[in-house]
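# Report on the structure
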Amino acid sequence: MLARTTSGWVVFRNGDFRLFGAARFLTGLAYQMQAVAIGWFVYDLTRSALALGLVGLASFLPAILCALITGHVADTYDRRLVAALAFGVQAAASLALFAVAEFGSGAVWPVYALVVAVGTARAFANPALQALLPTLVPRDLFGPAIAWNASLWQSASVLGPALGGFLYALGPAVVFGGAALSFALASALVAAIRFRPAPVTERPPVTWATLSAGLSYIWAQPVVLGAISLDLVAVLLGGATALLPIFAAEVLHVGPLGLGALRSMPAAGAVLMAILLAYRPLQRRAGIRMLQAVAVFGIAIAVFGLSRSLPLSMACLFLTGAADMISVYVRQTFVQGETPDAMRGRVSAVNTVFIGASNELGEFESGTLAALIGAVPAVVAGGLATLLVALLWGRLFPALKARDRLLTGA
């Protein structure tokens, strides 16, 4: 159930959370506008679809390769400073992209190298930020803090691409310069957070046991394992983002403007649901609500696949964003609320890789299946498979299904 609360805006009275939220919004804006610019810039240089695919690989691969190290760093050093330094590195990389756009020779390899640098810094920033958030607010404001954090990120995901496209008309260097400024401001904001962790008297040795402790912990916690794996499989099977251009052009016949409207709907649904959850957090039956949200996500994806109406298709995608936000809200609360502070960085790093991998592999899966059986059957099948997964996970993870409150002891 959703319960009324007066704590929706109260979390913003916390100065550290205001700094954290502003940094999250600025980095989200920078990521999104820079992604648009890099895609256009690489395509302008190469006119190659493969070259665009390599951009995604260069961006995500560091998160996989560095996952165990980044989590260990987040649990060993001051997470505030780790994130601030990572944002500083990304600001420097954006400045380098500015230089490539302005003074480069037309070679594409420097862009790939800098995308790897941004991806590596982001791999260090994400677990540090996820593990830092629970330490900034009282436990009773943790749910609203997660909801507002997600809302700020999704808002940046809506505004960033549009801003990046607008600024790109002035030249790619303008976008990269704006991204560098956003990253630099975010670095300063995170560094200004007043919370200071207790000093680490003895840092754990770098061994396989300490590096893989996040994986071991998740495997031993049925609620956390069930929540992460459910989100991973649902996004892997039910993702339709990669096929939206096909639906816009060949199914709905709406052109580029219609495609833009379709792409904006999931983020719009997620933003509104996050705001609702900030004001009316889930109080009871959290596990059931997550399973129901994933089931609704699957049904909405299947109906989208069958739709021939732009308004209905937009409504379905809006619903997928809202349902996915409930799932993300519950999962993040479980992962961060259940995990001891000394383990949060390593668990967050694994969580980041799993969810990121599901997004990337989900696009690959949907594209491959669409090539074999067609876009419409692929999306409908993915939606129905996601619905079945929600039903199956209720049996495979009874502890998740039976979980009542978001936070134990709340």
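Going by an unreviewed UniProt entry, the protein carries the name MFS transporter and comes from Methylobacterium planeticum. UniProt lists a comment for the protein under the heading Subcellular location (unreviewed entry), and it reads "Cell membrane".

Glancing now at the overall build of the protein. A count of helices and strands for the protein gives 17 helices and zero strands. Taking 2.2 N^0.38 as the reference for a compact globule, 410 residues should give roughly 22 Å; the C-alpha atoms of the protein span a radius of gyration of 21 Å, in line with that estimate. In terms of its C-alpha atoms, the protein occupies a principal-axis envelope of roughly 55 × 50 × 40 Å. In the protein, buried positions account for 54% of the 410 residues. Long-range pairs, those at least 24 residues apart, make up 89% of the contacts in the protein with a sequence separation of at least 6. Of the roughly 17,600 Å² that the protein leaves accessible, carbon and sulfur atoms contribute 70%.

This part is about the side chain of glutamine 90. Residue placement: glutamine 90 occurs in helix α4 (residues 79–103). In contact with glutamine 90, not counting residues within four places along its chain, are Tyr31, Val118, Ala121, Arg122, Ala125 and Phe183.

As enumerated under the stated definition, the model contains six salt bridges in all. Aspartate 16 is the partner of arginine 194 in a salt bridge, and the nearest nitrogen-oxygen pair spans 3.9 Å. Taken as a pair, arginine 194 in the loop between α7 (172–191) and α8 (208–211) and aspartate 16 in helix α1 (residues 15–46) lie far apart in primary sequence, 178 residues in all. Owing to a relative accessible area of 62%, arginine 194 belongs among the exposed residues under this scheme. With its nearest N and O atoms 2.5 Å apart, the salt bridge here joins aspartate 231 to arginine 331. Linking aspartate 231 in helix α10 (residues 222–238) with arginine 331 in helix α14 (residues 310–338), this pair joins segments that are 100 residues apart in sequence. Pair check on accessibility: aspartate 231 and arginine 331 agree, each one buried. Bridged by salt links that share partners, the residues Asp75, Arg79 and Arg346 form one connected network.

In this section: α4. Between its first and last C-alpha atoms α4 spans 36 Å; for 25 residues at 1.5 Å apiece the expected length is 36 Å, and the two agree. Backbone nitrogen of arginine 80 and a side-chain oxygen of the N-cap are separated by 3.0 Å at the start of α4; the cap is aspartate 78.

On the surface, a nonpolar cluster with roughly 440 Å² of combined accessible area is contributed by Leu54, Leu57, Leu61, Ile64 and Leu65. Residue placement: leucine 61 occurs in helix α2 (residues 49–65).

Looking now at the packing of α10 against α14. Their axes nearest at 9 Å, the elements α10 and α14 cross at an angle of 150°. By the criterion of interaxial angle, the relationship of α10 to α14 is roughly antiparallel. When the axes of α10 and α14 are compared, the crossing they make is left-handed. Every residue of α14 that contacts α10 at Val223, Val224, Ala227, Ile228, Asp231 and Val235 is listed here: Asp324, Ser327, Val328, Arg331, Phe334, Val335 and Glu338.

Another point: the side chain of glutamine 34. With respect to the element layout, glutamine 34 can be found in helix α1. A relative accessible area of 3% means that glutamine 34 is categorised as buried. Setting aside residues no more than four positions away along its own chain, glutamine 34 makes contact with Ser94, Leu97, Val118, Val175, Phe176, Ala179 and Phe183.

Domains assigned within the protein are domain 1 (14–197) and domain 2 (206–409). Of note, the centres of domain 1 and domain 2, computed from C-alpha atoms alone, are 22 Å apart. At the junction of the two partners, domain 1 supplies 30 residues and domain 2 supplies 38 residues. Among the residues domain 1 hides against domain 2, the three largest losses belong to Leu68, Gln130 and Arg139. Together they make up 22% of the total. Counting every contact that joins domain 1 to domain 2 gives one salt bridge. Notably, a salt bridge pairs aspartate 75 with arginine 346, separated by 2.8 Å at the nearest N-O pair. Applying the counting criterion to the domain 1 and domain 2 interface returns four residue pairs in polar contact (both at pLDDT 80 or more). Listed by contribution, the elements that provide at least two residues to the side of domain 1 that touches domain 2 are α2, α3 (67–76), α5 (109–132) and α6 (142–168). At 11 residues, α6 tops the list of elements feeding residues into the side of domain 1 that touches domain 2.

On to the confidence of the model for the protein. Mean pLDDT for the protein: 85, with 90% of residues reaching 70 or above. Across residues 1–6 the pLDDT falls below 50, and counting only partners more than four positions away or on other chains, this stretch makes 20 contacts in the model.

Quick look at α7 now. Here α7 is 20 residues long and its end C-alpha atoms lie 29 Å apart, about the 28 Å a rise of 1.5 Å per residue gives. The elements touched by buried residues of α7 are α1, α4 and α6.

All right, on to the packing of aromatic side chains then. Applying the stated rule across the entire model yields 10 aromatic pairs. Between phenylalanine 12 and phenylalanine 17 the ring centres are 5.4 Å apart and the planes differ by 65°, which places this aromatic pair in the edge-to-face class. As far as burial versus exposure is concerned, phenylalanine 12 and phenylalanine 17 are alike and both buried. Ring geometry for phenylalanine 247 and phenylalanine 304: centres 4.8 Å apart, planes at 35°, overall tilted. Of the two residues, phenylalanine 247 is situated in helix α11 (residues 244–251) and phenylalanine 304 in helix α13 (residues 286–306); the sequence distance between them amounts to 57 residues. On the accessibility criterion, phenylalanine 247 (1% relative accessible area) is buried. One aromatic cluster in this structure is built from Phe12, Phe17, Phe20, Trp148 and Tyr279. Taking NZ or CZ as reference, arginine 122 lies 4.0 Å from the ring centre of tyrosine 31, over its face.

Conventions and cut-offs
- One numbering rule holds for all chains: residues counted from 1, following each sequence as written.
- Selection of residues for local features in this predicted model requires a pLDDT of at least 70, selection of side-chain atom pairs for listing and counting requires 80 or more, and totals for whole chains, interfaces and linings are taken over all residues.
- Water and hydrogen atoms play no part in the side-chain values, which are based on all heavy atoms of the structure.
- UniProt positions are given in the numbering used here, feature names are shortened, and annotations may be inferred rather than shown by experiment.
- Helix and strand definitions follow DSSP, with helices as H or I runs of at least four residues and strands as E runs of at least two, each counted in order from the N terminus.
- Atoms counted for the radius of gyration: C-alpha only. Globule rule: 2.2 Å times the number of residues to the power 0.38.
- Accessibility here uses a 1.4 Å probe with only protein chains present; expressed as a share of the type maximum, an area under 20% marks a residue as buried, one over 50% as exposed, and anything in between as partly exposed.
- In what follows, a contact means two residues having at least one pair of non-hydrogen atoms within 4.5 Å.
- Computed with the Shrake-Rupley method and a 1.4 Å probe, the accessible areas treat only the protein chains shown as cover for residues.
- A side-chain nitrogen of Lys or Arg and a carboxyl oxygen of Asp or Glu constitute a salt bridge if their distance falls within 4 Å.
- Here, expected helix span is obtained from the residue count minus one, scaled by 1.5 Å.
- Between N or O atoms, a polar contact is any pair within 3.5 Å; within protein, one atom must be a potential hydrogen donor and the other a potential acceptor, and residues adjacent in sequence are included only when both atoms are from side chains.
- Note that patches include only residues with greater than 30% relative accessible area and no salt bridge, and the join distances are 9 Å for like charges and 5 Å for nonpolar side chains (Val, Leu, Ile, Met, Phe, Trp, Tyr).
- All axes here are fitted lines through C-alpha atoms, helices being fitted over the stretch that makes contact, and every angle between N-to-C directions spans 0 to 180 degrees.
- In these notes the angle categories are as follows: under 35 degrees is roughly parallel, over 145 is roughly antiparallel, 65 to 115 is roughly perpendicular, and the rest is oblique.
- Left-handed is the label given to a crossing in which the near helix is rotated counterclockwise from the far helix by less than a right angle, and right-handed is the label when the rotation is clockwise.
- Residue ranges for the domains trace back to a domain assignment, done automatically or taken from a database.
- Note: buried area is the sum, over both parts, of the accessible area (probe 1.4 Å) each one loses when the two are combined.
- Every residue is assigned a pLDDT by the predictor, reflecting its confidence on a scale from 0 to 100.
- Stacked, edge-to-face and tilted are the three classes for Phe, Tyr and Trp ring pairs, Trp counted by its six-membered ring, which pair at centre distances within 6.5 Å; planes under 30 degrees apart are stacked, over 60 edge-to-face, the rest tilted.
- In this scheme, the term charge over a ring applies when either NZ of a lysine or CZ of an arginine sits within 6 Å of the ring centre and within 35 degrees of the ring normal.

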